Amino acid sequence: MNSKTNNSTLVTIGTFDGVHIGHQKILKKLCQRAIEKNLESVVLTMFPHPRMVLNKDSDLKLLLTINERKNMLLGFGLASIVVKPFTLSFANLSPLDYVDTILVKELHAKHVIIGYDHRFGKNRSADIKDLRKFGTQFNFEVEEISAMEIEEVAVSSTKIRKALINGDIKTANTYLGYAYFLTGKVVEGQGIGRTIDFPTANIFIEEDYKLIPKNGVYVVRSTLDNQIIFGMMNIGTKPTVNGNKQSIEVHWFKVDTNLYGKTFKIEMLARLRDEHKFESLEALKNQLELDKKAAEVFIDNNNE
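Residues numbered from 1 in each chain as written. Predicted model: local features only at pLDDT ≥ 70, side-chain atom pairs only at ≥ 80, totals over all residues. Heavy atoms only, no water.

K.L.:
Kindly report on the sheet that holds strand β9 (residues 227–236), identifying the contributing residues and their values.
P.N.:
Strand order around the closed barrel formed by six strands is β6-β7-β10-β9-β8-β11, with antiparallel pairing between neighbours. The mean inter-strand angle of the sheet, taken between neighbouring strand axes irrespective of direction, is 45°. Examined bridge by bridge, strand β6 (residues 181–187) and strand β7 (residues 201–204) share three bridges and lie antiparallel to one another. Of the residues in β7, the one forming a bridge with Val187 is Asn202. Running over the sheet, helix α8 (residues 169–176) touches β8 (216–224) and β11 (263–273) and is turned about 130° from β11. (Pairing = 2+ DSSP bridges. Helix = DSSP H or I, 4+ residues; strand = E, 2+ residues; numbered from the N terminus. Axes fitted to C-alpha atoms, helices over the stretch in contact; angles between N-to-C directions. Contact = heavy atoms within 4.5 Å.)

K.L.:
I'd like a rundown of the layout of surface pockets, residues and numbers included.
P.N.:
Remark: the empty space left among the atoms is shown by a probe the size of a water molecule rolled over them. A volume near 1,200 Å³ is recorded for the largest pocket. Lining the largest pocket are 38 residues, with Gly14, Thr15, His49, His118 and Arg124 sitting closest to its centre. Elements that contribute at least two residues to the lining of the largest pocket include exactly β1 (9–13), α1 (21–37), α2 (50–54), α4 (88–91), β4 (109–115) and α7 (147–165). Looking at the lining of the largest pocket, the element that brings in the most residues is α7, giving six residues. Class assignment of the residues belonging to the lining of the largest pocket gives a composition of 20 nonpolar, twelve polar and six charged. (1 Å grid on protein atoms, 1.4 Å probe; cavity = no way out; pocket = protein on both sides within 12 Å on 5 of 7 lines; lining within 4 Å. Points joined across faces, edges and corners; volume = space filled by probe spheres on them. Nonpolar A, V, L, I, M, F, W, Y, C, P; charged D, E, K, R; others polar.)

K.L.:
Can you lay out the pairing of strand β3 (residues 80–85) for me, pointing to particular residues and giving the numbers?
P.N.:
Of all six residues making up β3, five are buried, and the element is well covered by its neighbours. Across six bridges, strand β2 (residues 40–47) lies against β3 in parallel orientation. Note on β3: the bridge partner recorded for Phe47 is Pro85. (Buried < 20%, exposed > 50% of the residue type's maximum accessible area, 1.4 Å probe, protein only.)

K.L.:
Can you explain the packing of aromatic side chains? Please cite residues and give values.
P.N.:
Summed over the entire model, instances satisfying the criterion amount to seven aromatic pairs. Relative to Tyr209, the ring of Phe47 lies with its centre 5.3 Å away and its plane at 55°, an arrangement referred to as tilted. Here Tyr209 lies in the loop between β7 and β8 and Phe47 lies in strand β2, a separation of 162 residues in the sequence. The burial state of Phe47 is the same as that of Tyr209; both residues are buried. Here Trp252 and Phe264 contribute two aromatic rings whose centre-to-centre distance is 4.4 Å and whose plane-to-plane angle is 35°, an arrangement assigned as tilted. Linking Trp252 in strand β10 (residues 247–252) with Phe264 in strand β11, this pair joins segments that are twelve residues apart in sequence. Classification of Trp252 as buried rests on a relative accessible area of 5%. (Phe/Tyr/Trp six-rings, centres within 6.5 Å; stacked < 30°, edge-to-face > 60°.)

K.L.:
Break down the packing of α1 against α7 for me, citing the residues and quoting the values.
P.N.:
When two helices pack together, their arrangement is given by the angle between the helix axes and by the axis-to-axis distance. Relative orientation of the contacting elements α1 and α7 amounts to 145°, with a least axis distance of 7 Å. Contacts between α1 and α7 involve Ile21, Gly22, His23, Lys25, Ile26 and Lys29 on the former and, on the latter, Glu149, Glu152, Val153, Ser156 and Ser157. A class-by-class count of the residues in the contact of α1 with α7 yields three nonpolar, four polar and four charged.

Right, here's the structure in full:
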């Protein structure tokens, strides 16, 4: 879905990290307008995030990996998603080159929907007024996304990141409009969970820029062989067994198949508690039994 299109398009430009409720409103408007104007709907997005390239010290974490973002955007029925590698040479394109090369020649834009505060070109020197002038020159319309809608997007992104860092999964999920999730592969662990009847799958997330929520125990949902499965996930350092490195482990309920090598989307539904250091594995096991009961109550009450 990253290829050039030969059809006339309606384009919106943005990072769309999270594809949250604010973004979703804009995407619905884009698709609706594309139908009205008989144009192909295209999202132009960049990766890596500009801050990661222009500010090497940035410790910015993203709500979605680039693959997660593409999959979520496609769920809105867009004709295509174009991911531009954000490099220093891309950042140095003049406003004219950016418009002529990408919007006009590559995307055949006839209508561009952007935020009132959108800036582009070298040193972010051009704004929506400049884009309107280019529109007259290259024969495309420019439609402004209102300050209120842009504010909604910015506020949502900030609140979601803050909520996840604080372990407030409920607030994050409300602003996202879906359950925050991690995508990772099951890898070999220490096998300690198995010794106390709580076998866990160690999850490896390849993308180190993905935001991992606050350490603690969470109720989670995944899919295995087209069946929904529930479980609980621990994010933390495993202090009871003197761990010192962050790990992500999931104990799925009613699953006894070998999961090594499988990749899971792990949706985070609720947070049960902080991570604690227990005096013994026996004390940890007792707490896990309580966590499991609490998770099952939550699932029963929230699973229509």
